[in-house]
Amino acid sequence: MDLVLPRSILEDIRAHARETYPEECCGFLIGREDGTRRVVTQGRRARNVHPEMREVRYTIDPRDVLHVDREFRADIRHLGFYHSHPDHPAQPSAFDLERAWPYYVYAILAIPRGEPSELTGWLLDAEQRAFKEVALTIV
Ligand SMILES: [Zn+2]
């Protein structure tokens with residue numbers, strides 16, 4: 001599976017990560033499936049409502065997730081989530097793995113010292129209970 005992300009949406013994610021640094025930002029990736037590709041056409045910010053340690057954890061209000069799942073369920077659908085890793089690499093944490101759902105793609109943006117750097121994409125392999133990295137194309 002390939003993840004296709006317009007540069008403008010990447011810039012929005014980077015801006016969001018800057019604003020919430022040193023806490024994690026989080027949001028939704030919305031778009032369409034195109035064969036083996038998932039083409040993001042819209043990003044939507046969410047609030048990190050994790051009760052503590054928001055430097056290394058994020059939680060999106062489950063009601064917001066439900067809302068987005070319901071709003072985008074036709075050609076344009078809820079494809080996944082993004083979040084930032086302040087001062088940590090763009091690799092999923094044990095916490096990320098624990099809470100990952102199948103199908104959704106998880107984009108992670110590293111933001112060392114407040115300056116956004118690498119963005120990676122991940123998909124849960126439910127049988128292996130492990131993340132597989134996906135190819136990411138910025139257009
Ligand atoms: Zn994470």
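Cut-offs and rules
Residues numbered from 1 in each chain as written. Predicted model: local features only at pLDDT ≥ 70, side-chain atom pairs only at ≥ 80, totals over all residues. Heavy atoms only, no water. Phe/Tyr/Trp six-rings, centres within 6.5 Å; stacked < 30°, edge-to-face > 60°. Helix = DSSP H or I, 4+ residues; strand = E, 2+ residues; numbered from the N terminus. Buried < 20%, exposed > 50% of the residue type's maximum accessible area, 1.4 Å probe, protein only. Lys NZ or Arg CZ within 6 Å of the ring centre and 35° of its normal.

1. As for the packing of aromatic side chains
Counted by the stated rule, this structure contains eight aromatic pairs. Considering the side-chain rings of Phe81 and Trp101, the 6.0 Å spacing of their centres and the 55° angle between planes classify their relative orientation as tilted. Pair noted here: Phe81 is in strand β4 (residues 77–86) and Trp101 is in the loop between α3 (94–99) and β5 (105–111), with a separation of 20 residues, a long-range link. On the basis of an interplanar angle of 25° and a centroid distance of 5.5 Å, the ring pair of Phe81 and Tyr106 is categorised as stacked. Taken as a pair, Phe81 in strand β4 and Tyr106 in strand β5 lie far apart in primary sequence, 25 residues in all. Taken individually, Phe81 and Tyr106 each receive the classification buried, so the pair is uniform in this respect. Taken together through their ring pairs, the aromatic side chains of Phe28, Phe81, Trp101, Tyr103, Tyr104, Tyr106, Trp122 and Phe131 make up a single cluster. Just above the ring of Tyr103 sits the side chain of Arg38; from NZ or CZ to the centre is 4.0 Å. A cation over a ring is seen here: Arg57 above Phe95, with NZ or CZ 4.5 Å from the ring centre.

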